[in-house]
Amino acid sequence: MDKLAVETSTGKHTVGPNGKKPIGQRIKEFVVDYRRQWEIQSMIIPGIIFMIIFCYIPIYGLTIAFKNYTVIDTLATAPWVGLDNFRIILSDKYFWDAVVNTLGISFLKLGIGFVIPIILAIMIYELNSGRFKKFVQTVSYLPHFLSWIVLGGMLITWFSTTGLFNQLLLSLGVISQPQNILLDAGKYWWIATLSDIWKEAGWGTILYLAIMAKIDPTYYEAAKIDGASRLRQIWNITLPNMRSIISLNLILTVSGLLGSNLDQTLVLMNSQNRDKAEVINSYVYRMGMSQGDFSYATAVGLGVSIISVILLVTANKITSKLNDNQSVL
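Let us look at the structure shown here.

What counts and how
- Residues numbered from 1 in each chain as written.
- Predicted model: local features only at pLDDT ≥ 70, side-chain atom pairs only at ≥ 80, totals over all residues.
- Heavy atoms only, no water.
- Helix = DSSP H or I, 4+ residues; strand = E, 2+ residues; numbered from the N terminus.
- Rg over C-alpha atoms; globule rule 2.2 N^0.38 Å.
- Buried < 20%, exposed > 50% of the residue type's maximum accessible area, 1.4 Å probe, protein only.
- Contact = heavy atoms within 4.5 Å.
- Core = buried A, V, L, I, M, F, W, Y, C linked by side-chain atoms within 4.5 Å.
- Expected span 1.5 Å × (residues − 1).
- Axes fitted to C-alpha atoms, helices over the stretch in contact; angles between N-to-C directions.
- Left-handed = near helix turned anticlockwise from the far one by under 90°.
- Nonpolar A, V, L, I, M, F, W, Y, C, P; charged D, E, K, R; others polar.
- 1 Å grid on protein atoms, 1.4 Å probe; cavity = no way out; pocket = protein on both sides within 12 Å on 5 of 7 lines; lining within 4 Å.
- Points joined across faces, edges and corners; volume = space filled by probe spheres on them.
- Phe/Tyr/Trp six-rings, centres within 6.5 Å; stacked < 30°, edge-to-face > 60°.
- Lys NZ or Arg CZ within 6 Å of the ring centre and 35° of its normal.
- Salt bridge = Lys/Arg side-chain N within 4 Å of Asp/Glu carboxyl O.

1. Focus on the overall build of the chain
Here's step 1: When its secondary structure is counted, the chain shows 18 helices and two strands.
Here's step 2: In terms of overall size, the chain is more extended than a compact globule, its C-alpha atoms giving a radius of gyration of 26 Å where 329 residues would be expected to give roughly 20 Å.
Here's step 3: The dimensions of the chain, computed from C-alpha atoms along their principal axes, are 80 × 75 × 40 Å.
Here's step 4: Evaluated residue by residue, the chain yields a buried proportion of 33% over its 329 residues.
Here's step 5: Relative to all contacts within the chain whose residues are 6 or more apart in sequence, the contacts with residues 24 or more apart total 59%.

Here you go:
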């Protein structure tokens, strides 16, 4: 049997063998719903027009990746070179160094930076004093509103030989001679990871605190009556209720693994740590803006975007398995 007749509260419908309605029926229902809510539905039209003009029409510029484009050419007159730019990428040592640095920094941020906002949010939620809770939230949010230009300047000053960090280590007897930390390439991955956590950990707690505020307090009361400790309540009540938002954040984080922070890199990178600080985004920026090789830079960006979409879909599939086959996207 190809189709089934299903009667619901809204009337009788015909569904296919996969449980989905035929395309014609879905279009008819869409038109009926749109006519009934046309005032509200029409409010999305300006947003759709904005996306078409500024997000979809510029996609035509990706053709540069398949051309030998220079500043004296137009998109139409630049000669086609097929996949030559992508072949050059595969044999480019500096590109693969940037890939290694990007993955190294991104996995450190994923492993450490993804968990800390969850722990911080739970700690803030568990605070009993309302004023102290607001104070902690404000202090933790503040670095997010400072640009990497400001934070980078602070880090460069603190890590200099006469800066706060060296003076503190000297006074504690940890080191005998001051050294400029940012000139040590071997420490750059950790500096990039920890400074990013310092900037964004507090801001990352907002969604978790919002979802925890909606948890029914009677769950905790029932757990207390059953003798559950506070840690047991967090494990059995708080974390399961945060599962959907944790999954969503994980998907977005995994899909952005190849997009390490460009602003942070441009501020903290110098000639001494470039081998460990150069990431894909800064490499694309340098090849495109500094050396004028727009076709090569576009080819790199296009490849990264395709891999990011694959990571997004894969992460969504994995997290849906963890959420009873329900996708959060």
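2. Section: the nonpolar core
Here's step 1: Ranked by size, the top nonpolar core spans 22 residues in total, and within it Ile 118, Tyr 208, Met 212, Met 242 and Ile 246 carry the most contacts.
Here's step 2: Those elements that provide at least two residues to this core are helix 6 (115-126), helix 11 (205-213), helix 12 (217-225), helix 13 (230-241) and helix 14 (243-255).
Here's step 3: Beyond its immediate sequence surroundings of up to four residues, Tyr 208 is in contact with Phe 114, Pro 117, Ile 118, Ala 121, Met 242, Ile 245, Ile 246 and Asn 249.

3. A short note on helix 5 (residues 93-113)
Here's step 1: The end-to-end C-alpha distance of helix 5, which contains 21 residues, comes to 29 Å, matching closely the 30 Å that a straight helix rising 1.5 Å per residue would cover.
Here's step 2: Those residues of helix 5 not exposed but buried are Phe 95, Ala 98, Val 99, Asn 101, Thr 102, Gly 104, Ile 105, Ser 106, Leu 108, Lys 109, Leu 110 and Gly 113.

4. Re the packing of helix 6 against helix 13
Here's step 1: Following both chains from N to C, one finds helix 6 and helix 13 inclined at 115 degrees, their axes separated by 13 Å at the closest point. Between helix 6 and helix 13 lies a crossing of right-handed hand. Of the residues in helix 13, those touching helix 6 at Ile 118, Ile 122 and Glu 126 are Arg 230, Ile 234 and Leu 239.
Here's step 2: Of the residues belonging to the contact of helix 6 with helix 13, the class tally is four nonpolar, no polar and two charged.

5. With respect to the layout of surface pockets
Here's step 1: Considered as a void within the structure, the largest pocket measures approximately 750 Å³ in volume.
Here's step 2: Elements supplying a minimum of two residues to the lining of the largest pocket: helix 5, helix 10 (188-200), helix 11 and helix 14.
Here's step 3: Of the residues in the lining of the largest pocket, the class split is 11 nonpolar, nine polar and three charged.
Here's step 4: In this model, the second largest pocket occupies a volume close to 250 Å³.
Here's step 5: Along its surface, the second largest pocket is lined by 13 residues, and Ile 89, Phe 95, Trp 96, Gly 303 and Ile 307 are the ones closest to its centre.

6. Regarding the packing of aromatic side chains
Here's step 1: In this structure the tally under the stated criterion is 12 aromatic pairs.
Here's step 2: Between Tyr 69 and Phe 294 the ring centres are 6.1 Å apart and the planes differ by 70 degrees, which places this aromatic pair in the edge-to-face class. Placement of Tyr 69 in the loop between helix 3 (45-56) and helix 4 (84-90) and of Phe 294 in helix 18 (residues 294-322) is noted, with a sequence separation of 225 residues between them.
Here's step 3: Judged by centre distance (6.2 Å) and plane angle (80 degrees), the rings of Tyr 141 and Trp 203 are edge-to-face. Of this pair, Tyr 141 sits in helix 7 (residues 130-141) while Trp 203 sits in the loop between helix 10 and helix 11, and the two are 62 residues apart along the sequence.
Here's step 4: Judged by its relative accessible area of 17%, Tyr 141 falls in the buried class.
Here's step 5: A residue is classified by how much of its surface remains accessible, and Trp 203, at 34% relative accessible area, is partly exposed.
Here's step 6: Grouping aromatic residues by their ring pairs yields a cluster made of Phe 95, Trp 96, Tyr 283 and Tyr 296.
Here's step 7: One Lys or Arg, Lys 276, reaches over the ring of Trp 189 and ends 5.3 Å from the middle of that ring.

7. Digging into the environment of Gly 104
Here's step 1: Along the chain, the position of Gly 104 falls in helix 5.
Here's step 2: The spacing of Gly 104 and Leu 142 is 38 residues in sequence and 27 Å in space, taken between C-alpha atoms.

8. Some remarks on the pattern of salt bridges
Here's step 1: Overall, the coordinates contain eight salt bridges when judged by the stated rule.
Here's step 2: A salt bridge links Asp 97 to Lys 93; the nearest nitrogen and oxygen atoms lie 2.8 Å apart. On the criterion of helical spacing, the pair formed by Asp 97 and Lys 93 is a turn pair, its members being four residues apart in helix 5.
Here's step 3: The class of Lys 93 is exposed, set by a relative accessible area of 53%.
Here's step 4: In the salt-bridge network here, residues are joined through shared partners; they are Arg 274, Glu 278 and Arg 286.

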